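Notes for the structure review
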Amino acid sequence: MSRNKNAAAPVLFILAGIAVWQGAVTFSGIQPWLLPSPLKVMATLWEMLPLLAKHSGSTLLAAVSGLLAAVLLALCLAAVMDLSPWFKQGLYPLLVLSQTVPIISVAPLFLIWFGLGLFPKIVVVALVCFFPVAVSTVAGMESADPAMVNLLKVMGSSRWQIIRLVRLPAALPSFFAGLKIAGTYAVMGAVIGEWLGASSGLGVYMTRASHSYQLDRVFAAIFVISLVSLLLFLLITLLARLAMPWYYKERNNDNV
Amino acid sequence: MAILELVNLTKYYEVNGNRLPVLDGISASLGEGEFVGLIGPSGCGKSTLFNIICGLVKPDGGTLLLDGREGGSPRDVVSYMPQKDLLFPWRSVLDNVVLAREVAGENREAAKREARSLMPLFGLEGFENSFPAQLSGGMRQRAAMMRTALARRPVWLLDEPFGALDAITRKRMQRWILEVWERFKQTVFLVTHDIEEALFLSDRVYVLTPRPARVALHLEVGLSRPRSAGTMTEPEFLKLKKRLMEVLE
Ligand SMILES: Nc1ncnc2c1ncn2[C@@H]1O[C@H](COP(=O)(O)OP(=O)(O)O)[C@@H](O)[C@H]1O
Ligand SMILES: [Mg+2]
């Protein structure tokens, strides 16, 4: 009931926005190379679908590989930081510092180092996604109940067992919150990587389209990028539900 | 021979640069298969004493003998049930109760089979796959109790296991825990601040003073077993209760 209401409101706003856009373009007579109408964009989207699908595939591959790499790295680092306070003190500021480097400025370096293929794109995505996942995982692990850790110690747990049995499960809700953010960054990161130089992908398609003032294609690409990001987000939400049935059951109980 | 012996244990905490004495020379001894109560006012240091026995907190003085040996490893001897149930919310009841066995690296399936067969005794039949959040307070305590039992250590340290329960559930749990004890024959050291609970359950009771804790009284209960609801109205029970109340005033 309330879910339906939640879904109806944004759909209504989007439809209203599109209607205003269509009306404005029709009545002002603005040139399509400046601003194409939504109907024109849809027509282009339909026409370009096979090509866009091909480019989406390569962007999605870079986004998902980069995201997975970031998650793996972040989990390892979080575990190491948890095992050694010294490591944590040394690394945490570096983590934050890494976030202040604008990705646009370092991405060309990856092209020089790694060429035009998939790899530099994966590196860009991993770099963008790493921070939210790492920080949220570390925070989640810190939030583990110390009394639970003590209980395990009395049972004779090793430090690794404490991480595996308490700290990581306790970090899951926070980890998935970070992963959702990273998921929305991932496609954007891949597109940025493609802008700077690649042979295929939505970013390449977009650059070509905008260089030839085919704004209907640019908008079509934007639409597809949003859609792909959204799909990734939904996939992560689904994964969270599968990985933490207890978390959602608990919350449902609270609501009753 | 005593399975657990405390000799003159002292402990103080450093609070804002001040020395806060908590334990002031506690001595106690628990024989194999005994049920011993530990009663004292809130904040006197009962949980601190348990943390020392578990090896989580270092005493500042005195000795702890486990199984007759000094410097033995608490994890081989004691199983701890802390004041909060500390069931892991991400584990089902079944996965929670076999935790100690899993930590010990034992075969999980074998441990689960044993756990399943014990579910009726712990009143958790049909809830094996529930998450802790779906259980009532009494059921959570019984699950925590089962986790303690399945660890298979000779001594159970129970820190106010029924403290958070309503009076009726509490009374029922007190009779139930004696059934469990009959079944496992473990040594139980039980903290409570409820006089009737201490007398109803224990063979002997140590009474502590307010902080810094000392043993104010060591009482042999001597009521016959098995005990029932009627035990609490026996003249001997009432006499012991009066005695404890006087000491705890
Ligand atoms: N880690 C600690 N640091 C400082 N003071 C503590 C600490 N743990 C307990 N205390 C203090 O020691 C006293 C005894 O606490 P505790 O053993 O929990 O009492 P009880 O279990 O008998 O209620 C209390 O005054 C408490 O505030
Ligand atoms: Mg306490």
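Per an unreviewed UniProt entry, the recorded name for chain B is Hydroxymethylpyrimidine ABC transporter, ATPase component, and the organism is Desulfocucumis palustris.

Going by the annotation in an unreviewed UniProt entry, the name recorded for chain A is Hydroxymethylpyrimidine ABC transporter, transmembrane component, with Desulfocucumis palustris given as the source organism. Its UniProt record, at the heading Sequence similarities (unreviewed entry), says of chain A: "Belongs to the binding-protein-dependent transport system permease family." A UniProt comment under Subcellular location (unreviewed entry) is attached to chain A, and it reads "Cell membrane".

Quick notes on the site of ligand 1
Residue and element names in this part refer to chain B. Close to ligand 1 lie Tyr-13, Val-15, Val-22, Ser-42, Gly-43, Cys-44, Gly-45, Lys-46, Ser-47, Thr-48 and Arg-211. Gly-43 has a polar backbone atom sitting 2.7 Å from an oxygen atom of ligand 1. Cys-44 places a main-chain nitrogen or oxygen 3.3 Å from an oxygen atom of ligand 1. Protein coverage of the free-state accessible area of ligand 1, which is 560 Å², stands at 62%. At 3 residues, helix 1 (residues 46–54) tops the list of elements feeding residues into the shell around ligand 1. The residue makeup of the shell around ligand 1, split by class, is 4 nonpolar, 5 polar and 2 charged.

Considering the coordination of the magnesium ion (ligand 2)
Residues and elements named next belong to chain B. Surrounding the magnesium ion (ligand 2) are the protein donor atoms Ser-47 (OG) and Gln-83 (OE1), which sit 2.1 to 2.6 Å from the metal. Here the residue Ser-47 occupies a position in helix 1, and Gln-83 occupies one in the loop between strand 6 (78–81) and helix 3 (93–97), the gap between them amounting to 36 residues. A relative accessible area of 24% means that Ser-47 is categorised as partly exposed. Given the relative accessible area of 42%, Gln-83 is considered partly exposed.

Concerning the interface of chain A and chain B
Often, the extent of an interface is quoted as the loss of accessible area on bringing the components together. Facing the 22 residues of chain A at the interface are 22 residues of chain B. Both sides together, the interface formed by chain A and chain B hides about 2100 Å², and carbon and sulfur atoms give 72% of it. Together, Leu-151, Val-154 and Met-155 of chain A form the three largest contributors to the area buried by chain A at its contact with chain B, with a combined 32%. Taken together, chain A and chain B are joined by 1 salt bridge.

What to know about the packing of aromatic side chains
Overall, the coordinates contain 17 aromatic pairs over all chains when judged by the stated rule. Summarising the aromatic geometry, the rings of Phe-114 of chain A and Phe-119 of chain A are spaced 4.9 Å apart at their centres and angled 90° between planes, so their arrangement reads as edge-to-face. The exposure class of Phe-114 of chain A is partly exposed, given its relative accessible area of 38%. For Phe-119 of chain A, a relative accessible area of 46% translates into the label partly exposed. Here a set of aromatic residues connected by ring pairs shows up, and it is made of Trp-246, Tyr-247 and Tyr-248 of chain A together with Phe-88 and Trp-90 of chain B. Seen from the ring of Tyr-12 of chain B, Arg-19 of chain B lies directly overhead, with NZ or CZ sitting 3.5 Å from the centre.

As for the UniProt feature "transmembrane region" (unreviewed entry) in chain A
Residues and elements named next belong to chain A. This chain's UniProt record puts "transmembrane region" (unreviewed entry) on residues 60–80, 92–116, 122–141, 162–179 and 218–240. In this annotation, residues 60–80 is assigned 100% helix and 0% strand; the end-to-end C-alpha distance for the span is 30 Å. Taken end to end, residues 162–179 is 100% helix and 0% strand, and its first and last C-alpha atoms sit 23 Å apart.

Re helix 2 (residues 38–83) of chain A
In an α-helix there are 3.6 residues to a turn, and that puts residues three or four apart on one side. Over its 46 residues, helix 2 of chain A runs only 54 Å from end to end, short of the ideal 68 Å by more than 12%, given 1.5 Å per residue. Of all the bends found along helix 2 of chain A, the most pronounced is centred on Leu-49 of chain A and spans about 70°, while Pro-50 of chain A, a proline, follows it within four residues.

Quick notes on a nonpolar patch on the surface
Residue and element names in this part refer to chain A. Where nonpolar side chains cluster on the molecular surface, the patch consists of Met-42, Phe-223, Leu-227, Leu-230, Leu-231 and Leu-234 and spans about 570 Å² of accessible area. Considering each element in turn, the nonpolar patch owes the most residues, 5 residues, to helix 9 (residues 215–243). Counting through the fold element by element, Leu-234 comes out in helix 9. Judged by relative accessible area, which is 49%, Leu-234 ranks as partly exposed.

About the cut-offs
- Residues numbered from 1 in each chain as written.
- Chains lettered and ligands numbered in written order.
- Predicted model: local features only at pLDDT ≥ 70, side-chain atom pairs only at ≥ 80, totals over all residues.
- Heavy atoms only, no water.
- UniProt positions renumbered as here; feature names shortened; annotations may be inferred.
- Near = heavy atom within 4 Å.
- Polar contact = N/O pair within 3.5 Å; in protein donor to acceptor, adjacent residues only side chain to side chain.
- Areas by Shrake-Rupley, 256 points an atom, 1.4 Å probe, with all protein chains shown as cover.
- Helix = DSSP H or I, 4+ residues; strand = E, 2+ residues; numbered from the N terminus.
- Nonpolar A, V, L, I, M, F, W, Y, C, P; charged D, E, K, R; others polar.
- Donors = N, O, S within 2.8 Å, 3.2 Å for Na, K, Ca; no water.
- Buried < 20%, exposed > 50% of the residue type's maximum accessible area, 1.4 Å probe, protein only.
- Contact = heavy atoms within 4.5 Å.
- Buried area = accessible area lost by both parts, 1.4 Å probe.
- Salt bridge = Lys/Arg side-chain N within 4 Å of Asp/Glu carboxyl O.
- Phe/Tyr/Trp six-rings, centres within 6.5 Å; stacked < 30°, edge-to-face > 60°.
- Lys NZ or Arg CZ within 6 Å of the ring centre and 35° of its normal.
- Expected span 1.5 Å × (residues − 1).
- Bend = angle between axes of the 7 residues up to and from the residue.
- Patch = residues over 30% accessible without salt bridge, like charges linked within 9 Å, V, L, I, M, F, W, Y side chains within 5 Å.

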